[in-house]
Amino acid sequence: MRRIAILCASLLALSFLSAQETVPAEASTEIPVFSQFEKGDILFSLSVGTAFGLGFINSDTGALENANLKPSFTILLALQQFITPNWLVGGEVAGYFFSTVNDRQLFLAPIGARIGYAFDLNPFFIIPEISAGMAIMNMSSMGHIDPYIKTGAIFGWSPSQEVCYTLHADLMTIPQFYTDSSLNRTGLFLDLIISATYHF
């Protein structure tokens, strides 16, 4: 009986020592690092800002002509979804309200698709993006629909997981094509836009 008691006590002591050895191994496990964005996340942006007409490139001479536009009032809506923790795709629609130096009103409405890549610098982030689509332009009774392409970046800060604040800086290029090819030209516009972005 005494031998059985000693054997049981020995087994209990060995079990206790084994448990003690596993604790440091578990405690040394690294804490996982969580990224701001995950696959399936959605960003919905409400943006306001301004744009500057940098000029129009003459198709015949290649010269940059003055745009003769005052800075615009600009609004933009964008919806994007992450297809990986870094890549995101979506769309945008914007409205640019320009005045010419002669106080004529020019309205520009780009509608297009976006793709970007997010660099997570928690709580900050940078998203270089490119977007393309069609730009509806109207001045007085004249209207035109042209392709556009926009390249730039979003610089953001996330004070919480639900809301981000961002600054957009983009260069938009709009080639215009006419029946009379001598009228063809390419417009260049610089956007500076701030936004509140909701993260779902």
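Criteria and thresholds
- Residues numbered from 1 in each chain as written.
- Predicted model: local features only at pLDDT ≥ 70, side-chain atom pairs only at ≥ 80, totals over all residues.
- Heavy atoms only, no water.
- Salt bridge = Lys/Arg side-chain N within 4 Å of Asp/Glu carboxyl O.
- Helix = DSSP H or I, 4+ residues; strand = E, 2+ residues; numbered from the N terminus.
- Buried < 20%, exposed > 50% of the residue type's maximum accessible area, 1.4 Å probe, protein only.
- Contact = heavy atoms within 4.5 Å.
- Phe/Tyr/Trp six-rings, centres within 6.5 Å; stacked < 30°, edge-to-face > 60°.
- Lys NZ or Arg CZ within 6 Å of the ring centre and 35° of its normal.
- Patch = residues over 30% accessible without salt bridge, like charges linked within 9 Å, V, L, I, M, F, W, Y side chains within 5 Å.
- Areas by Shrake-Rupley, 256 points an atom, 1.4 Å probe, with all protein chains shown as cover.
- Pairing = 2+ DSSP bridges.

Colleague: What is the right way to look at the pattern of salt bridges in this model?
Modeller: In the structure shown here, the tally under the stated rule is 5 salt bridges. In this structure, the salt-bridge partner of Asp103 is Lys70, at a minimum N-O distance of 2.8 Å. Pair noted here: Asp103 is in the loop between β4 (87-99) and β5 (105-117) and Lys70 is in the loop between β2 (64-65) and β3 (73-82), with a separation of 33 residues, a long-range link. Here Glu92 makes a salt bridge to Lys150, at a shortest N to O gap of 3.5 Å. Of this pair, Glu92 sits in strand β4 while Lys150 sits in strand β8 (residues 142-157); the two residues are 58 residues apart in sequence, bridging distant segments of the chain. Residue Glu92 shares its accessibility class with Lys150, and that shared class is buried. The network of salt bridges with common partners includes Glu92, Arg114, Glu129, Lys150 and Asp191.

Colleague: I tried to follow the environment of Phe97 on my own but got confused; where do I start?
Modeller: Mapping Phe97 onto the fold places it in strand β4. Assessed through its relative accessible area of 40%, Phe97 is described here as partly exposed. Along the primary structure Phe97 and Leu108 are separated by 11 residues, whereas in three dimensions their C-alpha atoms are 6.7 Å apart. Discounting chain neighbours no more than four positions away, the residues touching Phe97 are Ser72, Phe73, Ile75, Leu106 and Phe107.

Colleague: What am I meant to see in the side chain of Thr100 here?
Modeller: Considering the arrangement of structural elements, one finds Thr100 in the loop between β4 and β5. Non-local contacts of Thr100, meaning those with residues more than four positions away in its chain, are made with Asn68, Leu69, Lys70 and Met139.

Colleague: What's the story with the packing of aromatic side chains in this structure? I'm lost.
Modeller: Each aromatic ring pair is described using two quantities: the centre-to-centre distance and the angle formed by the ring planes. Counted according to the given criterion, the structure contains 10 aromatic pairs. With a centroid separation of 5.7 Å and an interplanar angle of 45°, the aromatic rings of Phe98 and Phe189 are classed as tilted. Remark: Phe189 occurs in strand β10 (residues 185-199) and Phe98 occurs in strand β4; sequence separation between them is 91 residues. Accessibility expressed as a relative area gives 1% for Phe189, which makes it buried. Note on Trp157 and Tyr165: the rings are 6.1 Å apart at their centroids and 35° apart in plane angle, and the pair reads as tilted. On the accessibility criterion, Trp157 (39% relative accessible area) is partly exposed. Among the aromatic residues, those joined into a ring-pair cluster are Phe56, Tyr96, Phe98 and Phe189. The lysine or arginine in question, Arg185, covers the ring of Phe56, its NZ or CZ lying 4.2 Å from the ring centre.

Colleague: Would you mind showing me how to read a nonpolar patch on the surface here?
Modeller: Together, Leu46, Leu77, Val93, Ile111, Met134, Ile136, Ile145, Tyr198 and Phe200 make up an exposed nonpolar region whose accessible area comes to about 780 Å². Take Leu46: it is sitting in strand β1 (residues 42-58).

Colleague: Any chance you could explain the pairing of β10 here in plain terms?
Modeller: The side chains of a regular strand alternate between both faces of the sheet. The pairing of β1 with β10 spans 15 bridges and is classified as antiparallel. Across the sheet, the residue bridging to Phe52 is Leu190, located in β10. The pairing of strand β9 (residues 163-176) with β10 spans 14 bridges and is classified as antiparallel. By the bridge assignment for β10, Tyr165 is matched with Ala196.

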